[in-house]
Amino acid sequence: PRRILSGIQASGALHLGNYLGALKRFTALQDQGAPCFLFVADLHAITVWQDPAVLTAQTREIAAAYIASGLDPAKSTIFPQSAVRAHSELAWILNCVARLGWLDRMTQFKEKSGKHKERASVGLYTYPVLQAADILLYKATEVPVGEDQKQHLELTRDIAAKFNTDFNAPGFFPPPEPLIQGPATRVMSLRDGAAKMSKSDPSDQSRINLTDDADTIAAKIRKSKTDMGVMPDPGESLDDRPEVRNLIAIYAALSDTTRDAVTAQFAGQGFGAFKPALADLAVAALAPVTAEMRRLMEDPAEIDRVLRDGAERATAIADPVVDEVKRIVGFWRG
Ligand code: TYM
């Protein structure tokens with residue numbers, strides 16, 4: 001049976017990349033009838049310093065985004081990672097399965113630790129092992145994520161395979177399938193087609209936040225970087241027009257169509273025609289999500305109820321798995 005799992009870090013504001021690469025796709029999977037487990041990755045968030053009060057607020061905000069983007073708490077299990085103790089417990093055990101050499105290859109650590117890696121937290125280094133624990137704990141079959149998580153998913157599969165062989169438990173952890181699909185698996189900055197849209201970009205103009213109002217969204221798209229050309233013809237290579245390619249991908253993802261269909265529709269037109277159409281589309285898609293997030297954030301009691309209930313349901317699945325892992329590893333059980 002299918003089991004979908006994914007998480008979003010409780011750090012920084014959500015942006016259009018998170019929405020198109022992750023949130024919108026979770027909803028599509030839920031609506032296909034697949035059981036979905038979606039959590040707020042607060043354990044991952046603290047691998048870099050988080051103000052405690054802000055962390056709590058961010059956790060509720062991500063939960064609100066899950067609900068506002070169309071996830072139904074009656075169908076999908078939405079919970080804070082730290083509220084299910086088994087995540088931390090399995091992560092430790094998997095820390096002893098994963099090899100230093102594997103983690104040394106992780107590009108995200110290299111990017112996030114910057115020039116002074118001796119000052120990075122140990123947690124930041126072992127972050128992908130916690131992610132493997134998140135996934136394997138539920139024996140997830142599919143993990144919908146953006147392109148930037150590909151390497152972490154490959155590591156998860158390696159850890160699963162090594163656990164199964166090390167402990168002679170063939171098939172115990174099934175290899176999860178990464179779902180990196182659709183036109184917007186890597187949404188780029190609006191200012192630089194070579195940089196990923198990200199919460200850590202210092203320029204707010206580089207991204208559309210889920211909390212931006214309609215005017216802000218329209219202005220950011222109007223001012224987004226393009227080039228001297230016009231909209232491409234179908235089949236034209238966009239390899240040296242990354243900004244244009246990005247806007248087309250965003251349009252395609254927002255309107256549930258393909259890049260080719262968008263290109264066919266706008267071929268030969270100027271950006272003066274395309275950008276307002278894109279802005280209208282983005283506002284129409286995001287405004288209801290933003291409004292619902294605002295409404296939910298006004299009364300945290302509803303969000304807290306969802307998170308408590310989700311944590312309980314997740315624990316009921318995770319605890320027996322971690323118990324079984326402890327038995328396999330040979331831990332004493334009285
Ligand atoms: P995070 O919080 O950075 O991002 C959440 C989701 O959004 C996707 N994403 C993007 N997709 C397209 N274009 C972009 N510019 C873009 N930026 C972000 C991410 O790929 C992700 O799907 N390590 C994870 C959280 C996590 C997790 C997990 C995910 C923890 N445990 C287990 C899956 C399974 C992260 O930091 O995502």
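Just above sits the structure.
These numbers were taken from a predicted model, which means no experiment stands behind them.

1. Quick word on the site of the ligand
Neighbouring the ligand are 28 residues; Q9, Y127, D134, D148 and V187 lie closest to it. In this structure, M197 approaches the ligand through a main-chain N or O atom, which is 3.0 Å from a nitrogen atom. Contact with the protein chains hides 97% of the accessible area of the ligand, taken as 720 Å² for the molecule alone. Sorting the residues of the shell around the ligand by element identifies strand 1 (4-9), helix 1 (16-31) and helix 7 (122-136) as the ones contributing at least two each. Considering every element that reaches the shell around the ligand, the biggest residue donor is strand 1, with five residues. Split by residue class, the shell around the ligand holds eleven nonpolar, twelve polar and five charged.

2. A few points about the packing of helix 7 against helix 8 (residues 150-166)
Geometrically, a packed helix pair is captured by the angle between its two axes and the distance between the axes. It is at 9 Å that the axes of helix 7 and helix 8 come closest, and there the two elements cross at 70°. With respect to each other, helix 7 and helix 8 are oriented roughly perpendicular. The handedness of the crossing between helix 7 and helix 8 comes out as right-handed. Contacts between helix 7 and helix 8 pair Y127, P128, V129, Q131, A132, I135 and L136 from the former with H152, L153, L155, T156, I159 and A160 from the latter. Looking at the contact of helix 7 with helix 8 residue by residue, the class counts come to ten nonpolar, three polar and no charged.

3. Some points on the pairing of strand 3 (residues 77-80)
What you see with strand 3 is no split at all: T77 and F79 on one side and I78 and P80 on the other are buried throughout. Relative to strand 3, strand 2 (residues 36-41) runs parallel, the two being bridged by four bridges. Residue pairing across strands places L38 opposite I78, the latter belonging to strand 3.

Definitions and limits used
Residues numbered from 1 in each chain as written. Predicted model: local features only at pLDDT ≥ 70, side-chain atom pairs only at ≥ 80, totals over all residues. Heavy atoms only, no water. Near = heavy atom within 4 Å. Polar contact = N/O pair within 3.5 Å; in protein donor to acceptor, adjacent residues only side chain to side chain. Areas by Shrake-Rupley, 256 points an atom, 1.4 Å probe, with all protein chains shown as cover. Helix = DSSP H or I, 4+ residues; strand = E, 2+ residues; numbered from the N terminus. Nonpolar A, V, L, I, M, F, W, Y, C, P; charged D, E, K, R; others polar. Axes fitted to C-alpha atoms, helices over the stretch in contact; angles between N-to-C directions. Parallel < 35°, antiparallel > 145°, perpendicular 65-115°, else oblique. Left-handed = near helix turned anticlockwise from the far one by under 90°. Contact = heavy atoms within 4.5 Å. Buried < 20%, exposed > 50% of the residue type's maximum accessible area, 1.4 Å probe, protein only. Pairing = 2+ DSSP bridges.

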